Amino acid sequence: MTRTRFVIVGLVLTVILGGLLASGHGASPADASPRYPGNGDRITVVLTSDRQYNSAVSWYDSHNRMRRQSDVPLTRFDRRTRLWTGSMVYTSRVRHQKIDTLFQSNGRFARCAVWVNKTKVRDTTVRSARYATTYCR
């Protein structure tokens, strides 16, 4: 490859990469409103229950595919509140990210909260006689 061709290829790559980063296709977090999360936004889902092991959780993953898990263990215990908490964190890879989450506790207390980047956009708490179920929508 001649020196001229090497310089031209370098310039073309610089223009292409610069265009991708400017259009939001790069790896940096999106600057969009948390109300409309999309590609590059960091999504955090926090689940809280009065039980360590819970019935089920359903959520949309980073590619907007519906996911479900049963027998949901929560890993952190707060002695003061006597509640268990666990979280999922992922980076959106779609233009319009769905963030709805459904969580069913095995106990009387269930909470789900969803953050987009550093902004809380959903927070729902439910208390019931048994199998409290919360829906962050």
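Here we summarise the structure given alongside this text. Keep in mind that what you see is a predicted model, and the values were worked out from it rather than measured. (Residues numbered from 1 in each chain as written. Predicted model: local features only at pLDDT ≥ 70, side-chain atom pairs only at ≥ 80, totals over all residues. Heavy atoms only, no water.)

A positive phi angle, close to 55°, is found at Asn 117, a residue other than glycine. Tracing the backbone through its elements, the reader meets Asn 117 in the loop between strand S7 (109-116) and strand S8 (119-127). Asn 117 gets classed as partly exposed once you look at its relative accessible area, which sits at 25%. Its identity is not glycine, yet Tyr 131 carries a phi of approximately 55°, on the positive side. Mapped onto the fold, Tyr 131 is located in the loop between S8 and strand S9 (133-136). (Helix = DSSP H or I, 4+ residues; strand = E, 2+ residues; numbered from the N terminus. Buried < 20%, exposed > 50% of the residue type's maximum accessible area, 1.4 Å probe, protein only.)

Our next topic: the sheet that holds strand S1 (residues 42-49). With antiparallel pairing, the five strands of this open sheet are ordered in space as S4-S5-S1-S7-S8. The sheet is open, and its two edges are formed by strand S4 (76-78) and S8, each paired on a single side. Sheet twist, expressed as the mean angle between neighbouring strand axes with direction ignored, is 20°. Here S7 runs beside S8; their pairing, made up of eight bridges, is antiparallel. Across the sheet, Phe 109 pairs through a bridge with Arg 127, a residue of S8. (Pairing = 2+ DSSP bridges. Axes fitted to C-alpha atoms, helices over the stretch in contact; angles between N-to-C directions.)

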